[in-house]
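Residues per chain are reported as follows:
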Amino acid sequence: MRVSELAKQGNTTAETVRHYTDIGLLSPSRDSHNGYRYYGAEDLRLLRFALKARSLGFTLGDIQSLTQASREGETPCGQVRTLIENRLTQVEARIAELQALSTRMRDAMNEWQGAPDCRLDDGRVCGLIDSFVGDDAEQQRTTG
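Definitions and cut-offs
Residues numbered from 1 in each chain as written. Predicted model: local features only at pLDDT ≥ 70, side-chain atom pairs only at ≥ 80, totals over all residues. Heavy atoms only, no water. Core = buried A, V, L, I, M, F, W, Y, C linked by side-chain atoms within 4.5 Å. Buried < 20%, exposed > 50% of the residue type's maximum accessible area, 1.4 Å probe, protein only. Helix = DSSP H or I, 4+ residues; strand = E, 2+ residues; numbered from the N terminus. Contact = heavy atoms within 4.5 Å. Arc of directions from axis to C-beta.

A. Up close: the nonpolar core. In this structure, L6, V17, Y20, L26 and I63 are the most contacted members of the largest nonpolar core, which totals 19 residues. Mapped by element, the contributors of at least two residues to this core are α1 (3–10), α2 (14–22), α3 (41–55) and α4 (60–71). In terms of residue count, α3 provides more of this core than any other element does, 5 residues in total. Non-local contacts of L26, meaning those with residues more than four positions away in its chain, are made with L6, V17, Y20, T21, Y39, D43, L46 and L47.

Structure below.
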């Protein structure tokens, strides 16, 4: 298969296939006459694996490590469990941060409802932000 056919069968883009090839995840053969890359069934299997792993939050570095372990005859399933557990903890923490940000943004919108736009002559950039009360501890954490 050429790049476009592999991309089609893997339900992804040719750019993704080329990138995965460039980083060594996929190993196509080369036609000595025209230089075209040709991919086989193993490349399709690895592409599908990588896309599934990406959809679960694994990084390309993780995927390369997992596929390398598999090539060496090891089972990387224990590593997969550890990685996903760590990523889940990170994602849940990020969700909590985003929920707190959403709350602060709603508080600011409510506080600014009906506040006039005005030019400030004292050097401040925007009086709305400067006057926002919000959660001082959270504001200090994000600026410090």
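What follows picks up the thread again.
B. Here's a closer look at α2. Among the residues making up α2, those that are buried are A14, V17, Y20 and T21. Burial along α2 is one-sided: seen end-on, the buried residues are contained in an arc of 130 degrees. Every exposed residue of α2 that faces more than 90 degrees away from the buried side is listed here: E15 and D22. Where α2 is buried, its residues touch α1, β2 (37–38), α3 and α4.

C. How the structure looks around α1. Those residues of α1 lying buried are V3, L6, A7 and G10. Buried residues of α1, viewed axially, fall in a sector of 100 degrees; they line one side. Residues of α1 that are exposed and point more than 90 degrees away from the buried face comprise S4 and K8. At its buried positions, α1 is contacted by α2, β2 and α3. Backbone geometry just after α1 places N11 at a positive phi near 55 degrees.

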